[in-house]
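# Residue-level structure breakdown
What follows is the residue order along each chain.
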Amino acid sequence: MAVIYLTAFVSLYVQIPGLYGNEGLLPARWQLRYSGKPLGEQLLSSPTLLWLGPRLGLDTHTAMELLCLVGAALSLAATLVEALRDSVVFFCLWALYLSMYKVGQVFLYFQWDNLLLETGFLCILVAPLTLIRGSRGVREHDRVTFWLIRWLLFRLMFASGVVKLTSRCPTWWGLTALTYHYETQCIPTPLAWFAHQFPVWWQKLSVMGTYIIEIAVPLLFFSPLRRLRLGSFYLQVLLQVLIILTGNYNFFNLLTLTLCLSLLDDQHVRFWLRKADNINSKLWSWLCASFTYHQFNQFLKTVTIPCIWIGVLSLTWEIVTSMFRFACVSGFLRRFCGTVQWTLFAAATAAMFTVSLVPFTYIEFDSHGRLWPGVRRAYEVTDRFQLVNSYGLFRRMTGVGGRPEVVIEGSNDGVSWTEIEFMYKPGNLSAPPPLVTPHQPRLDWQMWFAALGTHTQAPWFTSLIYRLLQGKRDVIELIQTDVSQYPFHQQPPAFLRAHRYRYWFTEPKADGSYPERWWRRVYDEEFYPTVHLGNAFLENMLNQYGLKDKSPVRRMSNTTVAQAVRWVHKTVSSQSDHVPDGASDLCGKSDEQQAAEEEEGEDDEDEGEEEGEDDEDEVDEGEAEEKETVGDDEQDEEQEEEEIKR
């Protein structure tokens, strides 16, 4: 978990300026409204440590970078030092990532972000209190809290399998989903091209295997028979490894593999360490029966409540057995302290299990309606902390008629157009699919979602067009970290437009040799009309979605903390900056000239405003005004969020 936190923080850190900076796609300062309320009330309404930024003399952008750096340093320390894999440390990591999530908007609304937060919170209960107790010894209640990890894995895998069938997607029901999946997933790997070439009968057999591993096998997670639990573990690992080989899903599959460790016991781990070279393989055979949607829906109604009772019985067994272990502890004081610990952790585990029933029963409407109203109210109270979440991956197979892909084109004269190529998502037909796991290029991912609908369902796309026309370097580095590879690195384009294409993997030649290109494509339709700075359509879209910031940019703070954060960012950026020395920036001005002009402009804006303001008001200038959330149209927001969840 420490390693996964490290990759998540580092991956997000390098993208903060382009995504959430003052000149980024969705500036994070728009999400925080400083209304003069007490700090405790602000943290309760929106639990994020970014509220502390003004007290440190930091703007929201710099505060986000600071939190990411602290999270990365803390997770690195926990990775290297065993004593720091502690409940207190994991609480800090969870709070730091939750702080980023609360202002991350659409670029952080992914299921694996929710899964990381939920797993991270469980780590607080599971990890030892080394820094306080001074010992990493096994506690008698460890089996109780560790059970929650297994329950989370069950909810994740079982729901992921069920939603494929409850969605009524014809490709999942027809067992043809994997004939499309490898080429239509967000960012495929090179091996995905080869997996796509497998015969149809193999793809159908793979879909059947997926159903078995995701729906049937999770029921074995709570089996009292050790061999069944171990068998389910290896099947889950097999599925996750195959997904890692054929798709770039950042840290998600690594996190799922970590959850799978809850199916093991110490005896089997020792077997790994001692008998690593003598692992025998087994041949699994499965009998599959055909069924209809209504039959499956009836099956789901039949098993959902029993699944809950299986969880209740399994958790009760762990609680009772741990209680008896405490009763066998010698010494009254030790027994008393152990009983208090057992009571607290058992209550916390039972509460987490109870609240998790709300998102778990989303898979079946009638079962969800039978929950006690008090449970739903408890879920609503804790929902802001992302303690438990609903899951369900690959609900519907997209791109059945060809993978939709948005291609942005720029021009200086409106006649000759040049395609803007992204580093990771498909564009260039000859470019091989990349390997980027565990990094998640969040703009590339959202470009994939945007292609599934219209640009009005992705308001941030208008902001992307606007920033590219302005030549904002931070945004351009989301597209190409090596700015010299960006076709308009010398001067921003005067015009931009976007078209939607349909992409497919190429096929081997008749003689069995590999083709020269990885992709083929056909033109579909216009996605975004031709615009330029000052264009009436562009201005209307910016105003409609509240993307044109009218509040003044706050004066850059010169506190020690702010200077340290900027120095780290400058150092990291210089490592990947390949622009020749002396080259002008995208607006035709050097960095020094631009910084000087910005400072001069800020001085003019601040003139006459400093009088009567305290230190905190000066820091909060520019964030005091309420900013409407991107996408005022609630219907579009709901459609976009639902698409992301799918």
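You'll find the chain entered in an unreviewed UniProt entry as Lipase maturation factor, with Sparus aurata given as the organism. The UniProt entry for the chain carries the following comment under Subcellular location (unreviewed entry): "Endoplasmic reticulum membrane". Looking at the Sequence similarities (unreviewed entry) heading of the UniProt record, one finds this comment for the chain: "Belongs to the lipase maturation factor family."

### As for the overall build of the chain
Secondary structure summary: the chain contains 27 helices and four strands in total. A buried classification covers 50% of the 646 residues belonging to the chain. A separation threshold of at least 6 residues defines the contact pool for the chain, and within that pool the share at least 24 residues apart is 77%. Here the chain displays about 30,400 Å² of accessible surface, and carbon together with sulfur accounts for 58% of that area.

### Concerning the nonpolar core
F158, I408, L443, W460, F461 and L464 are the most contacted members of the largest nonpolar core, which has 170 residues in total. Per-element tally for this core: the top contributor is helix α8 (residues 142-166), with 14 residues.

### Quick look at a nonpolar patch on the surface
The grouping of L191, F194, L238, V241, L242, L245 and Y514 at the surface amounts to a nonpolar patch, some 640 Å² of accessible area in total. Of all the secondary structure elements, the ones that give two or more residues to the nonpolar patch are α11 (190-196) and α13 (226-246). The leading source of residues in the nonpolar patch is α13, at four residues.

### Looking at the sheet that holds strand β4 (residues 519-531)
The four strands lie next to each other as β2-β1-β3-β4, forming an open sheet whose pairing is antiparallel. The sheet terminates laterally at β2 (418-420) and β4, the two strands that pair on one side only. Each strand of the sheet is rotated relative to its neighbour by a mean of 35°, with strand direction disregarded. As judged from the nine bridges shared by strand β1 (residues 403-411) and strand β3 (residues 495-505), these two strands associate in the antiparallel manner. Bridge assignment links P404 to a residue of β3, and that residue is R502.

What counts and what doesn't
- Residues numbered from 1 in each chain as written.
- Predicted model: local features only at pLDDT ≥ 70, side-chain atom pairs only at ≥ 80, totals over all residues.
- Heavy atoms only, no water.
- UniProt positions renumbered as here; feature names shortened; annotations may be inferred.
- Helix = DSSP H or I, 4+ residues; strand = E, 2+ residues; numbered from the N terminus.
- Buried < 20%, exposed > 50% of the residue type's maximum accessible area, 1.4 Å probe, protein only.
- Contact = heavy atoms within 4.5 Å.
- Areas by Shrake-Rupley, 256 points an atom, 1.4 Å probe, with all protein chains shown as cover.
- Core = buried A, V, L, I, M, F, W, Y, C linked by side-chain atoms within 4.5 Å.
- Patch = residues over 30% accessible without salt bridge, like charges linked within 9 Å, V, L, I, M, F, W, Y side chains within 5 Å.
- Salt bridge = Lys/Arg side-chain N within 4 Å of Asp/Glu carboxyl O.
- Pairing = 2+ DSSP bridges.
- Axes fitted to C-alpha atoms, helices over the stretch in contact; angles between N-to-C directions.

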